[in-house]
Amino acid sequence: MNAVTMPVIDGWTIAKRNALKIRRSPDMLGGVIMLPIVLVLLFAYVFGSAIHVPGMSYREFLLPGIFVQAVIMSAQITGYTLTLDLQKGIFDRFRSLPMAPSAVLIGQTVSDLLMNLAGLVVMAAVGLAVGWRVHTSPLEAVLGFGLLMLFAYAFSWVTATVALALRTPESFNNIATMVSFPLVFVSNAFLDSSRLPAPLRVVAEWNPVSTFTQAARELFGNTSPALKTSDVWPIQHAVLASLLWIAVLLVAFVPLATRLYKKTVG
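Definitions and cut-offs
Residues numbered from 1 in each chain as written. Predicted model: local features only at pLDDT ≥ 70, side-chain atom pairs only at ≥ 80, totals over all residues. Heavy atoms only, no water. Helix = DSSP H or I, 4+ residues; strand = E, 2+ residues; numbered from the N terminus. Expected span 1.5 Å × (residues − 1). Buried < 20%, exposed > 50% of the residue type's maximum accessible area, 1.4 Å probe, protein only. Arc of directions from axis to C-beta. Contact = heavy atoms within 4.5 Å. 1 Å grid on protein atoms, 1.4 Å probe; cavity = no way out; pocket = protein on both sides within 12 Å on 5 of 7 lines; lining within 4 Å. Points joined across faces, edges and corners; volume = space filled by probe spheres on them. pLDDT = per-residue confidence, 0-100.

J.: So what's going on with unusual backbone geometry? Which residues, and what values?
T.: With phi around 75°, Arg 167 is a residue other than glycine that occupies positive phi space. Topologically, Arg 167 is positioned in the loop between helix H6 (138-166) and helix H7 (169-185).

J.: Describe H7, with residues and values.
T.: Spanning 17 residues, H7 covers 24 Å between terminal C-alpha atoms, matching the ideal 24 Å at 1.5 Å per step. Of all the positions in H7, only Pro 169, Phe 172, Ala 176, Ser 180 and Val 184 are classed as buried. Here the buried residues of H7 occupy an arc of 55° about the axis, which is enough to place them on one side. Opposite its buried face, H7 presents the exposed residues Glu 170 and Met 178, each directed more than 90 degrees away. On its buried face, H7 sits against helix H3 (58-88), H6 and helix H9 (208-220).

J.: So what about empty space enclosed by the protein? Which residues, and what values?
T.: The tally for this structure, following the rule as stated, stands at 2 cavities of 30 Å³ or more. There is about 40 Å³ of room inside the second largest cavity. Residue lining of the second largest cavity: Gln 69, Met 73, Ser 180, Phe 181, Val 184 and Phe 185, and that is the complete set. Contributing elements (two or more residues each) for the lining of the second largest cavity: H3 and H7.

J.: Give me helix H11 (residues 238-265): which residues, what numbers.
T.: Each turn of an α-helix holds 3.6 residues, which means side chains three or four residues apart point in the same direction. Along its 28 residues, H11 runs 39 Å from first to last C-alpha, staying within 8% of the 40 Å computed at 1.5 Å per residue. If you check which residues of H11 are buried, you get Ala 238, Ala 241, Ser 242, Ile 246, Leu 249, Ala 257, Thr 258, Tyr 261, Thr 264 and Val 265.

J.: Give a detailed account of the confidence of the model for the protein, specifying residues and quantitative values.
T.: Should pLDDT be low for a region, the predicted coordinates there are not to be read in detail. When pLDDT is averaged across the protein, the result is 84; 82% of the residues are at 70 or more. The element-level mean pLDDT for the protein is lowest in helix H1 (residues 5-24), coming to 57, with H9 highest at 97.

In structure tokens, the structure reads:
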């Protein structure tokens, strides 16, 4: 095996190990599946009766934002699992095996991507039950879910980097919560960002969560001519900007997470 294929093969082996671990711990998968159901029902019925979106149902406006929020929250499983493995000394066992250092991280992010997929499928089903609909072609709908999955994978590398830097589950959970909540709520995920005060509106318009949410709305057809759209470049070219964000996250955090892993187990 060469330097390219070895991390992929070893990573797939680790991914299968993690998948078996999920099967033995169904509570982990249950949390990923139950959270989307709670989010959809809570926001659809609580905020749905209080927020008006011009030209469309609030539930159709809402679901793409909920998708992005769930991806961010589910991707944090990568970081949390890594901190648990650090505490249990599992990485010390991997160090004695002839495998590429990046294989552990590749396996972890791939297995967590499968859990993200399960969560999105459940959330889409619940969304359809409460009134969300796709108004574009099947190809565009598939591209929409594909974009969300790519974002989930890229963001998993971000959480892996943070986890390897902090090393404890408690510290990781505190930092992840402090970062993810403002990131999601100061965006266009749950309401029209043009309604925000000027300073917050600028932050929301350039927030990557707003970019991914707008891209998902466009690919699923959950938009309306009556709804004012920001003039900033990431919102006007949301799909392209989302792909650029994914590329930047992977280019920046894959080598950084790998370097931190080598430092941690070295």
